[in-house]
Amino acid sequence: MSEQKIPYKIYLSENELPESWYNIRADMKNKPAPLLNPETKKPCTEEDLRHVFCDELVKQELNDKDAYIPIPHEIREFYKMYRPAPLVRAYCLEKKLGTPAKIYYKFEGNNTSGSHKLNSAIAQAYYAKKQGLRGVTTETGAGQWGTALSMACSYFDLDCQVYMVKVSYEQKPFRREVMRTYGAKVTPSPSETTEVGRKILKDHPGTGGSLGCAISEAVEAATKQEGYRYVLGSVLNQVLLHQTVIGLETMTAMDKYGIKPDVIIGCAGGGSNLGGLISPFMGRKLRGEADYKFIAVEPASCPSLTRGKFVYDFCDTGHVCPLQKMYTLGSNFIPSPNHAGGLRYHGMSSILSQLYDDKLMEARSVEQTEVFKAAQEFARVEGILPAPESSHAIKVAIDEALKCKETGEEKTILFGLTGTGYFDMYAYKAFNDGTMSDYIPTEDDLAKGFSGIPSI
Ligand SMILES: *Cc1c(COP(=O)(O)O)cnc(C)c1O
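Counting starts from 1 at the beginning of each chain's written sequence and moves along it residue by residue. In keeping with the model being predicted, local features are shown solely for residues with a pLDDT of at least 70 and side-chain atom pairs are shown and tallied solely at 80 or more, while totals for entire chains, interfaces and linings include all residues. Remark: hydrogens and water are excluded; side-chain values derive from all non-hydrogen atoms of the structure.

Caption draft 1: Region of interest: the sheet that holds strand β8 (residues 185-189). Across the sheet, four strands lie side by side as β8-β7-β6-β9; this open sheet has parallel pairing. Among the strands making up the open sheet, the edge pair consists of β8 and β9 (228-230). With direction set aside, neighbouring strand axes in the sheet form an average angle of 25 degrees. Pairing between strands is defined by DSSP: at least two bridges between them are needed. Helix and strand assignments come from DSSP, with helices taken as H or I runs of at least 4 residues and strands as E runs of at least 2, each series counted from the N terminus. Relative to β8, strand β7 (residues 159-165) runs parallel, the two being bridged by five bridges. Note on geometry: axes are C-alpha line fits, over the in-contact stretch for helices, and angles between N-to-C directions span 0 to 180 degrees.

Caption draft 2: Just the side chain of glutamine 354, in detail. Summarising the element assignment, glutamine 354 is placed in helix α15 (residues 350-357). Type-normalised accessible area, obtained with a 1.4 Å probe on protein chains alone, sets the label of each residue: buried when under 20%, exposed when over 50%, and partly exposed for intermediate values. A relative accessible area of 10% means that glutamine 354 is categorised as buried. Contacts: residue pairs with any heavy atoms within 4.5 Å of one another. Ignoring anything within four residues of it in the chain, the contact list for glutamine 354 reads Met28, Asn30, Lys31, Pro32 and Phe310.

Caption draft 3: Quick peek at empty space enclosed by the protein. A pocket, in this scheme, is an open set of points on a 1 Å grid over the protein atoms alone with protein on both sides within 12 Å along at least 5 of 7 lines, while a cavity is a set where a 1.4 Å probe fits but cannot get out; residues line either one if an atom lies within 4 Å of a point. Grid points are joined across faces, edges and corners, and a volume is the space filled by probe spheres set on the points. A full pass over the atoms with the stated rule returns three cavities of 30 Å³ or more. Considered as a void within the structure, the largest cavity measures approximately 70 Å³ in volume. What lines the largest cavity is a set of 13 residues, and nearest its centre among them are Ser301, Asn338, Gln368, Asp438 and Tyr439. Within the lining of the largest cavity, the residues separate by chemical class into six nonpolar, five polar and two charged. Computed from the structure, the second largest cavity encloses a volume of approximately 60 Å³. Residues are grouped as follows: nonpolar covers Ala, Val, Leu, Ile, Met, Phe, Trp, Tyr, Cys and Pro; charged covers Asp, Glu, Lys and Arg; every other residue, Gly included, is treated as polar. The residue inventory of the lining of the second largest cavity, partitioned by class, reads seven nonpolar, no polar and no charged.

Caption draft 4: Structural view of the site of the ligand. What makes a residue near a molecule or strand is one non-hydrogen atom of that residue sitting within 4 Å of it. Neighbouring residues of the ligand: 17 residues in total, closest Lys117, Ser234, Gly269, Ser272 and Asn273. One nitrogen or oxygen atom from the side chain of serine 234 is found 2.4 Å from an oxygen atom belonging to the ligand. Between an oxygen atom of the ligand and a side-chain N or O atom of asparagine 273, the distance comes to 2.7 Å. Note on areas: Shrake-Rupley with a 1.4 Å probe; residue coverage comes only from the protein chains shown. Protein contact buries 98% of the 390 Å² of open area that the ligand shows by itself. Here the shell around the ligand is composed, by residue class, of four nonpolar, 11 polar and two charged. Here a polar contact is recorded for every N or O atom pair within 3.5 Å, except that within protein the pair must consist of a potential hydrogen donor and a potential acceptor, and residues adjacent in sequence are included only if both atoms are side-chain atoms.

Caption draft 5: Region of the structure containing the packing of aromatic side chains. To pair, rings of Phe, Tyr and Trp, with the six-membered ring standing in for Trp, must have centres within 6.5 Å; the planes then decide the type, stacked if under 30 degrees apart, edge-to-face if over 60, and tilted in the middle. This structure, assessed with the given rule, holds 18 aromatic pairs. Aromatic side chains tyrosine 126 and phenylalanine 156 sit 5.8 Å apart centroid to centroid with 55 degrees between the ring planes, which places their arrangement in the tilted category. Taken together, the residues tyrosine 126 in helix α5 (residues 118-130) and phenylalanine 156 in the loop between α6 (144-155) and β7 connect sequence positions 30 residues apart. An identical accessibility class is assigned to tyrosine 126 and phenylalanine 156; each is buried. Taken together through their ring pairs, the aromatic side chains of Phe78, Tyr79, Tyr82, Tyr126, Tyr127, Tyr155 and Phe156 make up a single cluster. Directly above the aromatic system of tyrosine 169 lies the positively charged group of arginine 176, at a separation of 4.1 Å from the ring centroid. Remark: a charge is flagged as sitting over a ring if the NZ atom of Lys or the CZ atom of Arg is within 6 Å of the ring centre and within 35 degrees of the ring normal.

Caption draft 6: Inspection of unusual backbone geometry at higher detail. Proline 84 follows arginine 83 through a cis peptide bond whose omega is -10 degrees. The backbone of lysine 41 shows a phi angle near 60 degrees, a positive value even though the residue is not glycine. Structurally, lysine 41 is set in the loop between β2 (20-22) and α1 (46-50). A positive phi angle is found at valine 235, which is not glycine, with a value near 65 degrees.

Here's what the structure looks like:
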């Protein structure tokens, strides 16, 4: 198909929405290592996980055989409110960069949560409802996940209890109000409502909290209330599975116009959007049908893939969740303050970790000021104010496009634009004021994190 025929935005129709999620594990020769029970250190059984997670989600978590898992009708109906998401040809950015490269991005910011997280939140809420549960508990740092889950729970009339890291609770009152508008109960963490919260408050009075601490409170709240389960917004196989709706739509849109991406880029926090975007393409690569270059982009301040270790580690600070084999900085690693809250997790999806270890995917780390420069450049020509997290992918997409300018190659670059940055204006302010700083952890900083990794 000739170049001019590719529109600025490729919209699919409702009936082109995928009917199944794609489970990349079915096509992986080296499967991700099994989760381990934190007490017995044996592979987790369905039984082990049922106390914490919904039954159907436990099955999805452990399923590495079925390549396609049907998306239930109710979830597809919800998806139709804000999906299929557009695939955008960044003509204006290409022109500004003066690159022969063709740049595309899949935009996931078209819903109130402002990110891709709703794709999994609605699935997790659906399975909880189907099981007859009363509600779910979770943690949120920056707030995107808590918002997405609040929306999903209100849709299925489930109770939603969100433990929000106290500093974010105080600094991002608007995110809190969005959640409350959807009916969620938002508690600043650490709190007096759980045993672990009370202990932390006693040991560290006045603490602003952390994600690890909020996870521990949310898990305790779920296991201590009849009819509740805990849900998580990233890292787990099930979350990555739900997010494959991003990649499947992208692939359908590209195939329709005969577009073949050479390079596929995404930001990586826990790995769910990147895994979701690349899965169907990676499937083709694994089956020998096509080849692509995949790049995971992480902050230099929290470099789990580029500087972490590929070992079994705890997923949370309280060590209540199963152990997972992944690239990790250690569950005690505290990244320096970074404005991309969604990318501050110490570990990485075990699926992506395995693919990276098998050299099927590359990873790069980028510094925050450079990321915001890219965000600004993008916002000025493409009309979307990107989330700081998403801007990590923009930064590397621009780098790749500028390389093409030097070599004259007409590569096709695809990246995931995971969300919008309207709740991140303090970060933009710091950038605009010139007060933003970059901190790269030293070998000593990393060694401290590594020392908390269990020997298994
Ligand atoms: C949470 C978040 C991310 C990172 O999470 P992943 O699980 O790695 O995808 C990226 N972008 C936005 C906008 C987010 O909210």
